[in-house]
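# Geometric and topological summary
The primary structure of each chain is shown beneath.
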Amino acid sequence: MELNDFMGSKSGSTYDRLETPKTRNAKNPGGDTAGGRCSRLTAVCLGLLCVLLLTAIIVLWVKFNHLATQSDYLQRSVHNLTVEKEGLEASHKNSVGEIRANKNKVTAEKDKLQTSYNNLIKEKDQLQTRYNILAEERDQLQANKSTVTTEKDQLQTSYNNLIKEKDQLQTRYNILAEERDQLQANMSTVTTEKDQLQTIYHNLVKEKDQLQTRYNILAIERDQLQANKSTVTTEKDQLQTVYNNLSKEKDQLQTRYNILAEERNQLQTSNINLTREVDWLRNNNKNLTREKDQLQTNNNNLIIEKEKLQTRYNNMTLERDTLRSNFNNLNNLNKQLQTTCKSKVVDIHVQLGWRSFGSSIYYLSDEEKTWSDSRHYCQDRGADLIIINSKEKQDFAVKTVGGKRAWIGLTDRHTENVWKWVDGSALTTGYWLPGEPNNAGEEDCAEVMGVVMKEGWNDIPCTNKNRWICEKSITDN
Ligand code: 2F8
Ligand code: CA
(Lines give C-alpha, C1' and ligand atoms only; values in the text may rest on other atoms or scores of the structure.)
(Ligands and ions follow the chains in the order given, each with its own letter.)
Protein backbone atom coordinates (compact mmCIF):
# COMPACT_ATOMS: atom_id res chain seq x y z
CA MET A 1 0.00 0.00 0.00
CA GLU A 2 2.55 2.39 1.18
CA LEU A 3 5.00 0.89 -1.35
CA ASN A 4 2.68 1.76 -4.17
CA ASP A 5 2.18 5.14 -2.72
CA PHE A 6 5.91 5.42 -2.31
CA MET A 7 6.59 4.31 -5.89
CA GLY A 8 3.88 6.51 -7.21
CA SER A 9 5.29 9.46 -5.44
CA LYS A 10 8.76 8.61 -6.67
CA SER A 11 7.69 8.05 -10.29
CA GLY A 12 6.27 11.46 -10.45
CA SER A 13 9.75 12.98 -10.39
CA THR A 14 12.17 10.38 -11.79
CA TYR A 15 10.28 8.67 -14.59
CA ASP A 16 9.27 11.95 -15.87
CA ARG A 17 12.93 12.68 -16.50
CA LEU A 18 13.84 9.29 -18.15
CA GLU A 19 13.39 8.49 -21.78
CA THR A 20 13.06 5.06 -23.36
CA PRO A 21 14.85 4.38 -26.74
CA LYS A 22 11.49 4.35 -28.34
CA THR A 23 10.63 7.74 -27.02
CA ARG A 24 14.17 9.01 -27.76
CA ASN A 25 13.98 7.63 -31.21
CA ALA A 26 10.73 9.21 -31.59
CA LYS A 27 12.26 12.49 -30.49
CA ASN A 28 15.54 11.88 -32.20
CA PRO A 29 14.92 9.50 -35.09
CA GLY A 30 18.12 10.51 -36.96
CA GLY A 31 20.94 8.65 -34.99
CA ASP A 32 22.73 7.18 -31.78
CA THR A 33 24.94 9.78 -30.06
CA ALA A 34 27.44 9.49 -27.16
CA GLY A 35 25.21 11.56 -25.00
CA GLY A 36 22.40 9.28 -25.71
CA ARG A 37 24.34 6.21 -24.67
CA CYS A 38 25.45 7.97 -21.52
CA SER A 39 21.92 8.86 -20.76
CA ARG A 40 20.79 5.28 -21.21
CA LEU A 41 23.61 3.97 -19.00
CA THR A 42 22.70 6.45 -16.39
CA ALA A 43 19.10 5.45 -16.67
CA VAL A 44 20.00 1.81 -16.28
CA CYS A 45 22.17 2.56 -13.29
CA LEU A 46 19.43 4.57 -11.78
CA GLY A 47 16.97 1.74 -12.42
CA LEU A 48 19.27 -0.75 -10.76
CA LEU A 49 19.82 1.64 -7.90
CA CYS A 50 16.10 2.00 -7.55
CA VAL A 51 15.64 -1.75 -7.49
CA LEU A 52 18.31 -2.07 -4.83
CA LEU A 53 16.79 0.67 -2.82
CA LEU A 54 13.41 -0.89 -3.19
CA THR A 55 14.71 -4.27 -2.10
CA ALA A 56 16.47 -2.74 0.86
CA ILE A 57 13.34 -0.87 1.78
CA ILE A 58 11.27 -4.07 1.57
CA VAL A 59 13.79 -5.96 3.70
CA LEU A 60 13.91 -3.18 6.20
CA TRP A 61 10.12 -3.03 6.16
CA VAL A 62 9.83 -6.72 6.82
CA LYS A 63 12.42 -6.53 9.58
CA PHE A 64 10.65 -3.54 10.99
CA ASN A 65 7.32 -5.36 11.02
CA HIS A 66 8.98 -8.38 12.62
CA LEU A 67 10.60 -6.19 15.25
CA ALA A 68 7.31 -4.40 15.78
CA THR A 69 5.56 -7.74 16.26
CA GLN A 70 8.26 -8.86 18.66
CA SER A 71 8.07 -5.52 20.39
CA ASP A 72 4.29 -5.90 20.76
CA TYR A 73 4.73 -9.43 22.00
CA LEU A 74 7.42 -8.33 24.45
CA GLN A 75 5.30 -5.41 25.55
CA ARG A 76 2.35 -7.71 26.12
CA SER A 77 4.63 -10.13 27.97
CA VAL A 78 6.04 -7.31 30.03
CA HIS A 79 2.53 -6.19 30.71
CA ASN A 80 1.41 -9.67 31.67
CA LEU A 81 4.49 -10.18 33.80
CA THR A 82 3.91 -6.83 35.41
CA VAL A 83 0.32 -7.83 36.15
CA GLU A 84 1.46 -11.20 37.45
CA LYS A 85 4.17 -9.53 39.46
CA GLU A 86 1.66 -7.17 40.96
CA GLY A 87 -0.70 -10.07 41.68
CA LEU A 88 2.15 -12.05 43.18
CA GLU A 89 3.26 -9.05 45.18
CA ALA A 90 -0.29 -8.59 46.39
CA SER A 91 -0.65 -12.26 47.24
CA HIS A 92 2.81 -12.20 48.77
CA LYS A 93 1.81 -9.23 50.85
CA ASN A 94 -1.41 -11.06 51.85
CA SER A 95 0.50 -14.26 52.56
CA VAL A 96 3.14 -12.41 54.51
CA GLY A 97 0.38 -10.71 56.45
CA GLU A 98 -1.41 -13.99 57.11
CA ILE A 99 1.82 -15.72 58.03
CA ARG A 100 2.74 -12.86 60.31
CA ALA A 101 -0.73 -12.98 61.85
CA ASN A 102 -0.56 -16.76 62.21
CA LYS A 103 2.94 -16.49 63.56
CA ASN A 104 1.76 -13.98 66.12
CA LYS A 105 -1.18 -16.20 67.01
CA VAL A 106 1.05 -19.28 67.25
CA THR A 107 3.59 -17.33 69.26
CA ALA A 108 0.83 -16.11 71.58
CA GLU A 109 -0.57 -19.65 71.90
CA LYS A 110 2.93 -21.01 72.41
CA ASP A 111 3.50 -18.43 75.14
CA LYS A 112 0.16 -19.35 76.69
CA LEU A 113 1.01 -23.03 76.48
CA GLN A 114 4.46 -22.37 77.88
CA THR A 115 2.87 -20.42 80.72
CA SER A 116 0.30 -23.19 81.26
CA TYR A 117 3.06 -25.76 81.08
CA ASN A 118 5.14 -23.85 83.61
CA ASN A 119 2.08 -23.48 85.83
CA LEU A 120 1.33 -27.18 85.47
CA ILE A 121 4.93 -28.01 86.28
CA LYS A 122 4.71 -25.80 89.35
CA GLU A 123 1.33 -27.31 90.33
CA LYS A 124 2.73 -30.76 89.73
CA ASP A 125 5.74 -29.99 91.91
CA GLN A 126 3.45 -28.51 94.54
CA LEU A 127 1.17 -31.53 94.34
CA GLN A 128 4.16 -33.83 94.48
CA THR A 129 5.43 -31.97 97.53
CA ARG A 130 1.96 -32.05 99.10
CA TYR A 131 1.64 -35.69 98.20
CA ASN A 132 5.01 -36.48 99.78
CA ILE A 133 4.06 -34.47 102.86
CA LEU A 134 0.68 -36.21 103.02
CA ALA A 135 2.33 -39.57 102.56
CA GLU A 136 4.78 -38.80 105.34
CA GLU A 137 1.94 -37.51 107.50
CA ARG A 138 -0.08 -40.58 106.63
CA ASP A 139 2.82 -42.83 107.60
CA GLN A 140 3.37 -40.86 110.78
CA LEU A 141 -0.36 -40.93 111.52
CA GLN A 142 -0.41 -44.61 110.76
CA ALA A 143 2.50 -45.11 113.13
CA ASN A 144 0.90 -42.79 115.70
CA LYS A 145 -2.39 -44.56 115.22
CA SER A 146 -0.78 -47.90 115.83
CA THR A 147 1.05 -46.57 118.87
CA VAL A 148 -2.07 -44.82 120.18
CA THR A 149 -4.16 -47.89 119.49
CA THR A 150 -1.65 -50.02 121.37
CA GLU A 151 -1.54 -47.54 124.24
CA LYS A 152 -5.31 -47.28 124.15
CA ASP A 153 -5.65 -51.03 124.32
CA GLN A 154 -3.15 -51.12 127.18
CA LEU A 155 -4.99 -48.34 128.95
CA GLN A 156 -8.30 -50.03 128.29
CA THR A 157 -6.88 -53.22 129.73
CA SER A 158 -5.51 -51.34 132.72
CA TYR A 159 -8.80 -49.51 133.05
CA ASN A 160 -10.75 -52.76 132.95
CA ASN A 161 -8.40 -54.29 135.51
CA LEU A 162 -8.78 -51.25 137.74
CA ILE A 163 -12.56 -51.39 137.35
CA LYS A 164 -12.47 -55.03 138.33
CA GLU A 165 -10.24 -54.30 141.29
CA LYS A 166 -12.47 -51.38 142.21
CA ASP A 167 -15.54 -53.63 142.04
CA GLN A 168 -13.79 -56.19 144.16
CA LEU A 169 -12.78 -53.53 146.66
CA GLN A 170 -16.31 -52.17 146.61
CA THR A 171 -17.66 -55.63 147.29
CA ARG A 172 -15.15 -56.11 150.12
CA TYR A 173 -15.96 -52.65 151.36
CA ASN A 174 -19.67 -53.41 151.34
CA ILE A 175 -19.07 -56.65 153.20
CA LEU A 176 -16.92 -54.83 155.74
CA ALA A 177 -19.54 -52.11 156.06
CA GLU A 178 -22.22 -54.73 156.70
CA GLU A 179 -19.98 -56.36 159.28
CA ARG A 180 -19.34 -52.96 160.79
CA ASP A 181 -23.09 -52.25 160.91
CA GLN A 182 -23.68 -55.59 162.50
CA LEU A 183 -20.95 -54.84 165.04
CA GLN A 184 -22.43 -51.45 165.68
CA ALA A 185 -25.83 -53.08 166.12
CA ASN A 186 -24.27 -55.58 168.44
CA MET A 187 -22.54 -52.79 170.24
CA SER A 188 -25.83 -50.95 170.62
CA THR A 189 -27.41 -54.10 171.91
CA VAL A 190 -24.57 -54.57 174.32
CA THR A 191 -24.84 -50.98 175.42
CA THR A 192 -28.54 -51.45 175.98
CA GLU A 193 -27.85 -54.54 177.96
CA LYS A 194 -25.18 -52.65 179.87
CA ASP A 195 -27.68 -49.95 180.72
CA GLN A 196 -30.14 -52.55 181.78
CA LEU A 197 -27.45 -54.18 183.82
CA GLN A 198 -26.54 -50.85 185.31
CA THR A 199 -30.16 -50.43 186.37
CA ILE A 200 -30.20 -53.94 187.64
CA TYR A 201 -26.88 -53.18 189.41
CA HIS A 202 -28.49 -50.37 191.30
CA ASN A 203 -31.50 -52.44 192.09
CA LEU A 204 -29.70 -55.67 192.76
CA VAL A 205 -26.65 -54.81 194.87
CA LYS A 206 -26.30 -58.38 195.95
CA GLU A 207 -25.71 -59.44 192.56
CA LYS A 208 -23.34 -56.57 192.12
CA ASP A 209 -20.19 -58.62 192.13
CA GLN A 210 -21.58 -61.05 189.67
CA LEU A 211 -22.94 -58.30 187.61
CA GLN A 212 -19.66 -56.43 188.09
CA THR A 213 -17.87 -59.45 186.78
CA ARG A 214 -20.26 -59.76 183.92
CA TYR A 215 -19.99 -56.06 183.51
CA ASN A 216 -16.25 -56.30 183.35
CA ILE A 217 -16.49 -59.08 180.86
CA LEU A 218 -18.93 -57.11 178.89
CA ALA A 219 -16.65 -54.10 179.21
CA ILE A 220 -13.78 -56.14 177.87
CA GLU A 221 -15.97 -57.37 175.09
CA ARG A 222 -17.02 -53.85 174.49
CA ASP A 223 -13.39 -52.77 174.41
CA GLN A 224 -12.68 -55.50 171.98
CA LEU A 225 -15.64 -54.45 169.92
CA GLN A 226 -14.45 -50.90 170.27
CA ALA A 227 -11.01 -51.99 169.11
CA ASN A 228 -12.64 -53.93 166.30
CA LYS A 229 -14.68 -50.93 165.49
CA SER A 230 -11.54 -48.81 165.43
CA THR A 231 -9.85 -51.35 163.21
CA VAL A 232 -12.85 -51.50 160.95
CA THR A 233 -12.99 -47.75 160.93
CA THR A 234 -9.30 -47.57 160.07
CA GLU A 235 -9.79 -50.12 157.32
CA LYS A 236 -12.80 -48.22 156.17
CA ASP A 237 -10.76 -45.05 156.08
CA GLN A 238 -7.99 -46.83 154.22
CA LEU A 239 -10.55 -48.24 151.84
CA GLN A 240 -12.05 -44.83 151.51
CA THR A 241 -8.60 -43.45 150.72
CA VAL A 242 -8.00 -46.23 148.22
CA TYR A 243 -11.42 -45.63 146.80
CA ASN A 244 -10.71 -41.92 146.55
CA ASN A 245 -7.34 -42.61 144.93
CA LEU A 246 -9.00 -45.01 142.55
CA SER A 247 -11.66 -42.42 141.80
CA LYS A 248 -8.93 -39.87 141.15
CA GLU A 249 -7.07 -42.30 138.96
CA LYS A 250 -10.31 -43.18 137.23
CA ASP A 251 -10.96 -39.49 136.65
CA GLN A 252 -7.40 -39.07 135.38
CA LEU A 253 -7.86 -42.06 133.16
CA GLN A 254 -11.19 -40.66 132.03
CA THR A 255 -9.42 -37.37 131.24
CA ARG A 256 -6.65 -39.14 129.38
CA TYR A 257 -9.28 -41.28 127.70
CA ASN A 258 -11.12 -38.15 126.62
CA ILE A 259 -7.85 -36.67 125.34
CA LEU A 260 -7.13 -39.88 123.54
CA ALA A 261 -10.67 -39.86 122.17
CA GLU A 262 -10.13 -36.35 120.88
CA GLU A 263 -6.80 -37.36 119.38
CA ARG A 264 -8.53 -40.38 117.91
CA ASN A 265 -11.18 -38.14 116.41
CA GLN A 266 -8.47 -35.92 115.00
CA LEU A 267 -6.74 -38.96 113.65
CA GLN A 268 -10.03 -40.17 112.22
CA THR A 269 -10.47 -36.77 110.61
CA SER A 270 -6.93 -36.89 109.31
CA ASN A 271 -7.46 -40.41 108.12
CA ILE A 272 -10.32 -39.49 105.81
CA ASN A 273 -7.85 -39.42 102.96
CA LEU A 274 -6.75 -42.86 103.98
CA THR A 275 -10.31 -44.18 104.12
CA ARG A 276 -10.14 -45.42 100.58
CA GLU A 277 -7.01 -47.34 101.36
CA VAL A 278 -8.62 -48.60 104.51
CA ASP A 279 -11.75 -49.61 102.58
CA TRP A 280 -9.60 -51.28 100.03
CA LEU A 281 -7.70 -53.01 102.78
CA ARG A 282 -10.98 -53.89 104.45
CA ASN A 283 -12.31 -55.38 101.26
CA ASN A 284 -9.10 -57.30 100.95
CA ASN A 285 -9.39 -58.16 104.58
CA LYS A 286 -12.98 -59.33 104.04
CA ASN A 287 -11.91 -61.45 101.14
CA LEU A 288 -9.00 -62.72 103.15
CA THR A 289 -11.31 -63.24 106.11
CA ARG A 290 -13.70 -65.15 103.87
CA GLU A 291 -10.83 -67.15 102.52
CA LYS A 292 -9.51 -67.56 106.03
CA ASP A 293 -12.98 -68.71 107.18
CA GLN A 294 -13.15 -71.13 104.31
CA LEU A 295 -9.64 -72.27 105.11
CA GLN A 296 -10.63 -72.44 108.75
CA THR A 297 -13.69 -74.48 107.80
CA ASN A 298 -11.54 -76.63 105.56
CA ASN A 299 -9.01 -76.85 108.32
CA ASN A 300 -11.71 -77.81 110.82
CA ASN A 301 -13.07 -80.39 108.40
CA LEU A 302 -9.56 -81.60 107.83
CA ILE A 303 -8.95 -81.68 111.56
CA ILE A 304 -12.17 -83.69 111.98
CA GLU A 305 -11.17 -85.96 109.13
CA LYS A 306 -7.66 -86.13 110.54
CA GLU A 307 -9.06 -87.04 113.94
CA LYS A 308 -11.31 -89.64 112.33
CA LEU A 309 -8.38 -90.90 110.33
CA GLN A 310 -6.24 -90.77 113.45
CA THR A 311 -8.88 -92.79 115.25
CA ARG A 312 -9.10 -95.18 112.33
CA TYR A 313 -5.33 -95.21 112.16
CA ASN A 314 -5.12 -95.97 115.85
CA ASN A 315 -7.75 -98.68 115.50
CA MET A 316 -6.02 -100.03 112.44
CA THR A 317 -2.68 -99.81 114.23
CA LEU A 318 -4.19 -101.81 117.03
CA GLU A 319 -5.68 -104.22 114.50
CA ARG A 320 -2.37 -104.33 112.68
CA ASP A 321 -0.50 -104.99 115.89
CA THR A 322 -3.03 -107.67 116.78
CA LEU A 323 -2.83 -109.10 113.28
CA ARG A 324 0.95 -108.87 113.36
CA SER A 325 0.99 -110.62 116.66
CA ASN A 326 -1.40 -113.24 115.27
CA PHE A 327 0.68 -113.43 112.11
CA ASN A 328 3.85 -113.90 114.09
CA ASN A 329 2.17 -116.53 116.18
CA LEU A 330 0.79 -118.19 113.08
CA ASN A 331 4.14 -117.82 111.35
CA ASN A 332 5.90 -119.43 114.23
CA LEU A 333 3.24 -122.09 114.30
CA ASN A 334 3.61 -122.49 110.55
CA LYS A 335 7.37 -122.80 110.87
CA GLN A 336 6.94 -125.31 113.60
CA LEU A 337 4.39 -127.15 111.49
CA GLN A 338 6.64 -126.97 108.45
CA THR A 339 9.56 -128.23 110.44
CA THR A 340 7.39 -130.98 111.84
CA CYS A 341 5.88 -131.66 108.44
CA LYS A 342 9.25 -131.73 106.73
CA SER A 343 10.56 -133.95 109.43
CA LYS A 344 7.54 -136.22 108.93
CA VAL A 345 7.98 -136.12 105.15
CA VAL A 346 11.65 -136.97 105.54
CA ASP A 347 10.75 -139.75 107.94
CA ILE A 348 8.16 -141.16 105.57
CA HIS A 349 10.51 -140.91 102.60
CA VAL A 350 13.31 -142.45 104.60
CA GLN A 351 10.95 -145.28 105.46
CA LEU A 352 10.33 -145.62 101.69
CA GLY A 353 14.06 -145.83 100.96
CA TRP A 354 14.98 -142.15 100.42
CA ARG A 355 18.16 -140.71 101.91
CA SER A 356 18.55 -137.32 103.52
CA PHE A 357 21.48 -135.12 102.52
CA GLY A 358 21.67 -131.40 103.08
CA SER A 359 18.34 -129.75 102.35
CA SER A 360 17.12 -132.54 100.02
CA ILE A 361 16.26 -136.19 100.04
CA TYR A 362 17.46 -138.67 97.40
CA TYR A 363 16.17 -141.96 96.04
CA LEU A 364 18.26 -144.61 94.30
CA SER A 365 16.06 -146.97 92.33
CA ASP A 366 16.41 -150.71 92.20
CA GLU A 367 14.65 -150.79 88.84
CA GLU A 368 16.21 -149.77 85.57
CA LYS A 369 14.53 -147.47 83.05
CA THR A 370 15.43 -145.21 80.16
CA TRP A 371 16.59 -141.69 81.05
CA SER A 372 13.15 -140.17 80.26
CA ASP A 373 11.16 -142.83 82.11
CA SER A 374 13.44 -142.48 85.07
CA ARG A 375 12.84 -138.76 85.08
CA HIS A 376 9.05 -139.28 84.88
CA TYR A 377 9.27 -141.56 87.87
CA CYS A 378 10.94 -138.80 89.85
CA GLN A 379 8.57 -136.10 88.59
CA ASP A 380 5.52 -138.19 89.54
CA ARG A 381 6.79 -137.97 93.12
CA GLY A 382 7.48 -134.24 93.15
CA ALA A 383 11.16 -134.76 92.47
CA ASP A 384 13.56 -134.83 89.49
CA LEU A 385 16.78 -136.52 88.50
CA ILE A 386 19.71 -135.47 90.68
CA ILE A 387 21.64 -132.29 89.88
CA ILE A 388 25.28 -132.57 90.94
CA ASN A 389 26.66 -129.07 91.28
CA SER A 390 29.16 -129.52 94.11
CA LYS A 391 31.91 -131.85 95.11
CA GLU A 392 29.94 -132.79 98.21
CA LYS A 393 26.96 -133.84 96.12
CA GLN A 394 29.26 -135.68 93.73
CA ASP A 395 30.76 -137.62 96.62
CA PHE A 396 27.28 -138.26 98.01
CA ALA A 397 26.10 -139.54 94.58
CA VAL A 398 29.12 -141.84 94.18
CA LYS A 399 28.59 -143.13 97.67
CA THR A 400 24.84 -143.59 97.08
CA VAL A 401 25.21 -145.44 93.81
CA GLY A 402 27.82 -147.72 95.39
CA GLY A 403 29.57 -149.98 92.95
CA LYS A 404 26.81 -149.44 90.41
CA ARG A 405 25.73 -146.69 88.03
CA ALA A 406 22.66 -144.48 87.73
CA TRP A 407 21.12 -141.73 85.63
CA ILE A 408 21.73 -138.16 86.68
CA GLY A 409 19.74 -135.11 85.50
CA LEU A 410 22.25 -134.06 82.78
CA THR A 411 21.76 -134.25 78.99
CA ASP A 412 22.94 -132.71 75.69
CA ARG A 413 20.17 -134.16 73.58
CA HIS A 414 18.89 -130.75 72.53
CA THR A 415 22.28 -129.46 71.33
CA GLU A 416 25.20 -131.80 70.94
CA ASN A 417 27.96 -131.17 73.48
CA VAL A 418 25.93 -128.48 75.24
CA TRP A 419 25.16 -130.16 78.53
CA LYS A 420 22.32 -128.85 80.63
CA TRP A 421 20.79 -129.88 83.91
CA VAL A 422 17.10 -130.75 84.18
CA ASP A 423 16.33 -127.38 85.77
CA GLY A 424 17.64 -125.66 82.59
CA SER A 425 20.91 -124.50 84.15
CA ALA A 426 24.15 -124.98 82.22
CA LEU A 427 26.85 -127.35 83.35
CA THR A 428 29.73 -125.46 84.92
CA THR A 429 31.81 -128.08 86.73
CA GLY A 430 31.69 -131.70 85.53
CA TYR A 431 33.04 -134.79 87.16
CA TRP A 432 33.48 -136.75 83.98
CA LEU A 433 35.53 -139.92 83.81
CA PRO A 434 38.68 -139.54 81.78
CA GLY A 435 37.88 -139.37 78.06
CA GLU A 436 34.22 -138.66 78.68
CA PRO A 437 31.93 -137.44 77.35
CA ASN A 438 32.85 -139.08 74.03
CA ASN A 439 29.38 -139.49 72.46
CA ALA A 440 30.32 -142.98 71.42
CA GLY A 441 27.26 -143.82 69.34
CA GLU A 442 24.80 -140.96 70.04
CA GLU A 443 25.32 -140.74 73.77
CA ASP A 444 23.27 -137.76 75.02
CA CYS A 445 22.47 -138.63 78.63
CA ALA A 446 24.79 -138.76 81.61
CA GLU A 447 25.22 -141.40 84.30
CA VAL A 448 27.21 -141.41 87.49
CA MET A 449 29.42 -144.39 88.15
CA GLY A 450 30.46 -145.48 91.65
CA VAL A 451 32.79 -148.21 90.60
CA VAL A 452 36.10 -148.16 92.41
CA MET A 453 38.71 -146.35 90.38
CA LYS A 454 35.94 -145.39 88.03
CA GLU A 455 34.05 -142.85 90.04
CA GLY A 456 32.68 -140.17 87.71
CA TRP A 457 30.32 -139.39 84.90
CA ASN A 458 29.91 -141.04 81.52
CA ASP A 459 27.63 -140.33 78.59
CA ILE A 460 25.56 -143.21 77.22
CA PRO A 461 22.52 -143.46 74.93
CA CYS A 462 19.39 -142.07 76.62
CA THR A 463 17.43 -145.14 75.57
CA ASN A 464 19.65 -147.38 77.66
CA LYS A 465 18.01 -148.76 80.77
CA ASN A 466 19.70 -147.77 84.00
CA ARG A 467 19.07 -147.10 87.63
CA TRP A 468 18.46 -143.50 88.55
CA ILE A 469 18.79 -141.11 91.47
CA CYS A 470 15.83 -138.80 92.28
CA GLU A 471 16.36 -135.56 94.18
CA LYS A 472 13.61 -133.79 96.13
CA SER A 473 14.08 -130.54 98.01
CA ILE A 474 12.58 -130.39 101.46
CA THR A 475 12.87 -126.62 101.62
CA ASP A 476 10.36 -126.09 98.74
CA ASN A 477 6.73 -125.32 99.63
O1 2F8 B 1 28.71 -148.67 76.62
C2 2F8 B 1 29.24 -147.53 76.07
C3 2F8 B 1 30.51 -147.11 76.82
O4 2F8 B 1 31.51 -148.00 76.54
C5 2F8 B 1 32.76 -147.74 77.16
O6 2F8 B 1 32.63 -147.79 78.55
C7 2F8 B 1 32.52 -149.08 79.02
C8 2F8 B 1 33.24 -146.41 76.74
N9 2F8 B 1 34.48 -146.10 77.45
C10 2F8 B 1 35.61 -145.92 76.84
O11 2F8 B 1 35.61 -146.03 75.64
C12 2F8 B 1 36.77 -145.61 77.65
C13 2F8 B 1 32.21 -145.38 77.02
O14 2F8 B 1 32.61 -144.11 76.60
C15 2F8 B 1 30.94 -145.77 76.41
O16 2F8 B 1 29.94 -144.83 76.71
CA1 CA C 1 30.58 -142.33 76.84
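Residues numbered from 1 in each chain as written. Chains lettered and ligands numbered in written order. Predicted model: local features only at pLDDT ≥ 70, side-chain atom pairs only at ≥ 80, totals over all residues.

Turning next to the overall build of the chain. Per the secondary structure count, the chain includes 7 helices and 8 strands. When the 477 residues of the chain are sorted by exposure, 9% land in the buried category. The contacts in the chain between residues at least 6 apart in sequence include a share of 68% that link residues at least 24 apart. (Helix = DSSP H or I, 4+ residues; strand = E, 2+ residues; numbered from the N terminus. Buried ≥ 20, exposed ≤ 12 C-beta atoms within 10 Å, placed from the backbone. Contact = placed C-beta atoms within 7 Å.)

In terms of nonpolar packing, the biggest core is built from 27 residues, with Leu385, Ile386, Ile408, Ile469 and Cys470 touching the most fellow members. For this core, the elements supplying multiple residues, two or more each, are strand S2 (360–364), helix H6 (371–380), helix H7 (391–401), strand S4 (405–411), strand S6 (445–451), strand S7 (454–460) and strand S8 (467–473). (Core = buried A, V, L, I, M, F, W, Y, C linked by C-beta atoms within 7 Å.)

This part covers the site of ligand 1. Neighbouring ligand 1 are Gly435, Glu436, Asn438, Ala440, Glu443, Asn458 and Ile460. Classifying every residue of the shell around ligand 1 by side-chain character gives 2 nonpolar, 3 polar and 2 charged. (Near = placed C-beta within 6 Å. Nonpolar A, V, L, I, M, F, W, Y, C, P; charged D, E, K, R; others polar.)

Across the junction of Glu436 and Pro437, the peptide omega takes the value -5°, indicating a cis bond. Summarising the element assignment, Pro437 is placed in the loop between strand S5 (420–421) and S6. In this structure, Met453 is a non-glycine residue whose phi angle is positive, near 65°. Relative to the helices and strands, Met453 resides in the loop between S6 and S7.

Take the environment of Asn186 next. Assignment of secondary structure puts Asn186 in helix H3 (residues 34–203). Classification of Asn186 as partly exposed rests on a count of 14 C-beta atoms within 10 Å. Along the backbone, Asn186 and Arg222 are 36 residues apart, and their C-alpha atoms lie at a distance of 9.6 Å.

A separate point is H6. Within H6, the full set of buried residues consists of Trp371, Ser374, Arg375 and Cys378. Each buried residue of H6 lies within a common arc of 100° when the element is viewed along its axis, so the set occupies one face. Facing away from the buried surface of H6 by more than 90 degrees, the exposed residues are His376 and Asp380. Remark: Gly382 follows H6 within two positions and exhibits a positive phi of approximately 70°. (Arc of directions from axis to C-beta.)

Let us now look at the pairing of S6. With 4 bridges joining them, S4 and S6 adopt antiparallel strand pairing. Among the inter-strand pairings, Ala406 is bridged to a residue of S6, identified as Val448. Sheet analysis places S6 next to S7, joined by 7 bridges and oriented antiparallel. Paired with Val451 across the two strands is Lys454, which belongs to S7. If you look at the hairpin formed by S6 and S7, you'll find 2 residues sitting between the two strands, and Met453 has a positive phi there, around 65°. (Pairing = 2+ DSSP bridges.)

Moving on to H7. For H7, the full list of buried residues reads Lys393, Ala397 and Val401. Taken end-on, H7 shows its buried residues confined to a sector of 60°, consistent with a single buried face. Exposed residues pointing more than 90 degrees away from the buried face of H7 are listed as Lys391, Glu392 and Lys399. Tucked inside the fold, the buried residues of H7 contact S2, S4, S6 and S8. Following H7 by one or two positions, Gly402 adopts a phi angle in the positive range, close to 65°.

For the chain, per-residue confidence averages 80 on the pLDDT scale, and 83% of positions sit at 70 or higher. Ignoring residues within four places in sequence, the model shows residues 1–31, a span with pLDDT below 50, making 3 contacts including any to other chains. (pLDDT = per-residue confidence, 0-100.)

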